[in-house]
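# Examination of the molecular architecture
In case you want the letters, here they are:
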Amino acid sequence: MWEIDPLRLSEAMDRAGLNQSQLADRVGVKQPSIGRLLSGETKTTRALDLIARALGTSPAYLKGEVDDPSTDAPPLPAAAERDDRVLEIPVIDLAYGMGGTYLDDVDANVRSEPFPLSFIRRYTKAKAEDLVIADGLGDSMAPTIGSNDQMLIDRSIDTLRVADQIWAFSFGGVGMVKRLRPRPDGSIAILSDNPTVPEDRAVDDELFLIGRVVAIVRKV
């Protein structure tokens with residue numbers, strides 16, 4: 001049996017659009033078993049491989065051994081079994097300062113890039129209009145996100161419920177992509193994966209969430 005990281009499990013379930021009951025049905029276990037894994041009450045399960053496959057990720061990701069949920073993930077279904085429609089997803093420039101209405105102004109003049117729907121559905125069940133792509137900004141999130149990478153941002157996720165997930169947001173009118181961690185005093189810690197970048201902190205209404213980064217597309 002193998003230990004599962006509760007946060008990784010929760011993130012993978014969000015991407016797959018599955019709740020506890022749905023995942024339990026696909027894996028063949030009882031719903032409370034999934035609940036105990038999510039709460040950390042139970043650390044191990046013999047169903048690790050089945051859970052990873054149901055969520056479109058790998059056992060290594062669920063155990064916290066790799067950061068990319070697609071690393072060693074099961075192959076996509078055969079072409080005859082998957083939806084080959086293509087989504088045109090707008091590309092936004094996070095380098096511009098953004099207020100709360102910035103993304104409401106996205107229109108046909110913004111460039112877009114095509115992505116297979118079957119690829120997008122590995123990471124989110126969000127509607128097409130709630131998705132945007134952004135290029136990596138600098139090296140503050142290295143090595144997780146590089147300046148040549150692209151990020152798939154799900155705008156339908158607009159509430160900070162789980163600590164240390166990666167978000168696109170505006171802080172003081174500046175676009176950023178960082179990990180966010182709520183603090184007991186009501187502030188939000190702004191964290192970089194690059195250890196040389198110091199922690200920042202937002203209070204009151206300084207921070208506006210744009211959406212959660214649900215996938216990283218690496219350019220080669």
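Just so you know, these numbers come straight off a predicted model, no measurement behind them.

### Notes on the packing of aromatic side chains
- Evaluation of the coordinates by the stated rule reveals two aromatic pairs.
- Centre to centre, the rings of Phe115 and Phe119 are 6.1 Å apart; their planes meet at 20 degrees, and the pair counts as stacked.
- With a relative accessible area of 8%, Phe115 lands in the buried category.
- Through successive ring pairs, a cluster of aromatic residues spans Phe115, Phe119 and Tyr123.

### Structural notes on the packing of helix α1 (residues 6–16) against helix α3 (residues 31–39)
- In contact at an axis separation of 7 Å, α1 and α3 are set at 120 degrees when each is read in the N-to-C sense. As far as their axial angle goes, α3 and α1 are oblique. For the pair formed by α1 and α3, the contact residues are Pro6, Leu9, Ser10 and Met13 on the first element and Ile34, Leu37 and Leu38 on the second.
- When the residues that make up the contact of α1 with α3 are grouped by side-chain class, the tally is six nonpolar, one polar and no charged.

### Brief notes about α3
- The complete set of buried residues in α3 reads Ile34, Gly35 and Leu37. Seen from one end, α3 has its buried residues packed into an arc of 160 degrees, which puts them on one side.
- Positive phi appears at Gly40, one or two residues downstream of α3, with a value of about 85 degrees.

### Considerations on the sheet that holds strand β7 (residues 165–171)
- Taken together, the nine strands give an open sheet; going across it, the order is β4-β3-β5-β6-β11-β7-β8-β9-β10, and neighbouring strands pair in mixed fashion. In this open sheet, the two strands that pair with only one neighbour each are β4 (112–116) and β10 (200–202). Taken over all neighbouring pairs, the strand axes of this sheet differ in orientation by 45 degrees on average, direction set aside.
- Looking at chain direction, strand β8 (residues 174–182) and strand β9 (residues 188–191) are connected through four bridges and run antiparallel. Directly across from Pro182, in β9, lies its bridge partner Ile188.

### So, the pattern of salt bridges
- This structure, assessed with the given rule, holds eight salt bridges.
- Salt-bridge contacts for Lys63 lead to Glu65; the nearest nitrogen and oxygen are separated by 3.6 Å.
- Ionic pairing is found between Arg201 and Asp185, a salt bridge with its closest N-O pair at 3.8 Å. Separated by 16 residues along the polypeptide, Arg201 in strand β10 and Asp185 in the loop between β8 and β9 bring together distant segments of the chain.
- Residue classification places Arg201 among the partly exposed positions, given a relative accessible area of 37%.
- A relative accessible area of 57% places Asp185 in the exposed class.
- A single salt-bridge network, built from bridges that share partners, covers Arg183, Asp185, Glu199 and Arg201.

### Here's the deal with the side chain of Thr45
- Of note, Thr45 is situated in strand β2 (residues 44–45).
- Only 3.0 Å separates the side chain of Thr45 from the backbone nitrogen of Ala47, close enough to count as a polar contact.

### A word on α1
- Counted residue by residue, α1 has eight buried out of eleven residues, so it is predominantly covered.
- Along α1, the residues classified as buried are Arg8, Leu9, Ser10, Glu11, Ala12, Met13, Arg15 and Ala16.
- Buried residues along α1 sit against α2 (20–27), α3, α4 (48–54), α5 (59–62), β7 and β11 (207–217).
- For α1, the capping residue at the N-terminal end is Asp5, with a side-chain oxygen 2.9 Å from the backbone nitrogen of Leu7.
- Note on α1: the residue one or two positions beyond its end, Gly17, has a positive phi of about 70 degrees.

Thresholds applied
- Residues numbered from 1 in each chain as written.
- Predicted model: local features only at pLDDT ≥ 70, side-chain atom pairs only at ≥ 80, totals over all residues.
- Heavy atoms only, no water.
- Phe/Tyr/Trp six-rings, centres within 6.5 Å; stacked < 30°, edge-to-face > 60°.
- Buried < 20%, exposed > 50% of the residue type's maximum accessible area, 1.4 Å probe, protein only.
- Axes fitted to C-alpha atoms, helices over the stretch in contact; angles between N-to-C directions.
- Helix = DSSP H or I, 4+ residues; strand = E, 2+ residues; numbered from the N terminus.
- Parallel < 35°, antiparallel > 145°, perpendicular 65-115°, else oblique.
- Contact = heavy atoms within 4.5 Å.
- Nonpolar A, V, L, I, M, F, W, Y, C, P; charged D, E, K, R; others polar.
- Arc of directions from axis to C-beta.
- Pairing = 2+ DSSP bridges.
- Salt bridge = Lys/Arg side-chain N within 4 Å of Asp/Glu carboxyl O.
- Polar contact = N/O pair within 3.5 Å; in protein donor to acceptor, adjacent residues only side chain to side chain.

Functional significance is not addressed by these values, which are geometric in nature.
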